[in-house]
Structures are given as structure tokens and as C-alpha cells.
Amino acid sequence: MCYFHPSKSGKQDRLTQLSRARCIVVITEDLCGGSKHAVQLAEQLKRRGVPMTFAVPAWEAYAYPDRMRKLRKLGCDLINHANDGGASYAFLGHPGKLAGLPVEEQRKIIHTAQEQIRKATGVRPDAYRAPGLAIDRNTYRAMIKEGIWIDSSEIYTRPGTRGAPRWITVDGHRILEIPIACYTEWEYKDGRPVRPKFLCSFADDLFVRPKIQAGHPEEALENLKRGFMQYYKHGRPGRPTVFVVLFHEHITANPKYWWIILKFVDFARAHPGVAFATIDEVARLARKGQRFTSF
């Protein structure tokens, strides 16, 4: 059995370990409830050798800089989440989705989050996740102006696109898209797949939350396991798939439901060749020329 833990001998050894994986799992959480429990969850996962990535809106970094610093000390990756969350009404006056706004207006909002995260931690994020996962060409242009070259807002659904980061070019600049995981279950006839049964992303709003609200959180865990197994089966050692899971703090990352995350992590890490990484680590692998597997 092969577990991948953060290397003590430096980032280069860490990337070498990740490059040999069969499947890289990225645990992400969008902060939208005051980051009340984020530090405790990150501590629990760190004890399992699992780093987390947090998407941080401007108001959260402004209101809770001490929590942001603690997350950084735990080895977490903090990425720009613009203005997501209800407090954005008072803080920025532009709550919700940025897509559809002019470039400079989007840039202003993204810049505010960049600066608040920098003030809290001393680091400006290289990566972005759009509020509501709504992104357009102007969003990419605004990101480029802010020095952001990584995005994790897309959910690729077409066969041959899932499981692997890909480079896109906007106005001559390259942006790496690290998509959120999705998978398809098929209806079969005479032992052959005939049509997709359903297509799911792992964003809480679309997939996990309904199971919890329906009183069946165990089904959310089982769906996570099934999705992971699709990615794991398609991955190859040295040419991994990348399984990005998105949780929201006020639902799945609530301590009441931590068991879903912790049991999923234990399930995934029990498979040989599984590595856990942050968005930033996957991006640095891609920039070094790492090849991934899509399906």
C-alpha cells in the first residue's frame, strides 16, 4: 500500500512523489460561512497527511486574518474566491457572480480579494475560483491582469475532457484550468452502455447537499466513492487523473458532517498510488510538463 505524505526534504521531492501517482485527490472548500471550523478541519486532515485548498472571498480574509494565517501555517493553499458570500453586499456591493461584468469591474473585485488575502498572509494567490462557478472571457482577462494563472471553476462533462488539467490561451496568455470533478453513470442494455444515467459534479449545491438535506448523508459518501473510483480506474502511475472535490463550509464542512469527508479520505488513501495535493501543487506539476490522464 502506497500513501503519499508531504515530504520533509523540500518542494522538489514533493512534486516528484506526486508525479508518480495514479490519481491525485484535491480536497477544496469554498469558505462562505465565516471560516468558523476551517482551521479545525484542516488540522484533522493534516494529521492524515492531506493538505487542503480553501477558496477565500475578500470579506472573509478581511474579517478573519488570524484564521487565514493559521491555515497557511497548516500548509493549506488559499485561492481567490472574489466576493462570494452574503457579507459581500456590505463589503463590496457586488455580491454573487462576476461573469457578464466588464473586465475592469471584474478586475476590481478580484483585486480586492487578492489584496485582503495578501494583507492577511503576505501571499497573493496564483489561483482563482469563480463565485457560483460562473466565468467568462472577461474573467480570464481580469485574472491575467491580477497575475493569476490558475483557475478551478470549470466542470468538464464531455468524454475525453474529465480528469486532467488543461491549458487555455486568452489574448496570448496561458491559464491552467484544473476542473472540479464530475462523473457519469450509464444505463446498460445487453451488457453495453447505451446512454448516460446522470452526470454529477461534486459541488455541494449540485450533489452532496441534496443528499444531506434529504436525510441521507450516507448516500453523499457513497457517491463520492463511486466518483473517485472512476477517476482511479482511468489513472495510470506516472500519468495520474486529478480528482478535485468541492465542499462548502456551512453544509459538508460543518463538524456534524465531517465524517463524510474523513471517511472519504480514508477510503481514497487506502488505494495504492493515491496522492493528496493542493491546487497550487497540481499547477506546479503541470507547469513542469507533467502529463495527466483524461477520460
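What counts and what doesn't
Residues numbered from 1 in each chain as written. Predicted model: local features only at pLDDT ≥ 70, side-chain atom pairs only at ≥ 80, totals over all residues. Heavy atoms only, no water. Core = buried A, V, L, I, M, F, W, Y, C linked by side-chain atoms within 4.5 Å. Buried < 20%, exposed > 50% of the residue type's maximum accessible area, 1.4 Å probe, protein only. Helix = DSSP H or I, 4+ residues; strand = E, 2+ residues; numbered from the N terminus. Contact = heavy atoms within 4.5 Å. Salt bridge = Lys/Arg side-chain N within 4 Å of Asp/Glu carboxyl O. Phe/Tyr/Trp six-rings, centres within 6.5 Å; stacked < 30°, edge-to-face > 60°. Lys NZ or Arg CZ within 6 Å of the ring centre and 35° of its normal.

Colleague: So what's going on with the nonpolar core? Residues and values would help.
Modeller: Within the largest apolar cluster, 45 residues are counted, with the highest numbers of intra-cluster contacts made by Ile27, Phe54 and Phe264. Here this core gets seven residues from one element, more than from any other, and that element is helix H10 (residues 258–269). If we skip the residues at most four places from it in the chain, Ile27 touches Leu45, Val50, Pro51, Met52, Thr53, Val245, Phe247, Phe264, Val265, Phe276 and Ala277. Membership of the second largest hydrophobic core comes to 23 residues, among which are Ala127, Leu285, Ala286 and Phe292.

Colleague: Give a description of the pattern of salt bridges that names residues and reports values.
Modeller: Enumeration according to the criterion identifies eleven salt bridges in this entry. Between Lys225 and Glu222 there is a salt bridge, and its shortest N-O distance comes to 3.5 Å. Of this pair, Lys225 and Glu222 both sit in helix H9 (residues 217–234), three residues apart, which is roughly one turn of that helix. Three or more residues are tied together by salt bridges with common partners; here these are Arg107, Glu115, Arg118, Arg124 and Glu146.

Colleague: Outline the packing of aromatic side chains, supporting the account with residue identities and numerical values.
Modeller: By the definition in use, this model includes eight aromatic pairs. When the centroid spacing of 5.9 Å and the interplanar angle of 80 degrees are considered together, the rings of Phe228 and Phe267 count as edge-to-face. Linking Phe228 in helix H9 with Phe267 in helix H10, this pair joins segments that are 39 residues apart in sequence. Judged by relative accessible area, Phe267 falls into the partly exposed class, the value being 24%. Between Tyr231 and Phe295, the ring centres sit 4.9 Å apart and the planes meet at 90 degrees, which makes this aromatic pair edge-to-face. On the criterion of sequence distance, the pair formed by Tyr231 in helix H9 and Phe295 in the segment after helix H11 (279–287) is long-range, its members being 64 residues apart. On the basis of relative accessible area, Phe295 is assigned to the buried category, the value being 12%. Taking NZ or CZ as reference, Arg22 lies 4.0 Å from the ring centre of Tyr232, over its face. Taking the ring centre of Trp167 as reference, the NZ or CZ of Arg174 above it sits at 4.0 Å.

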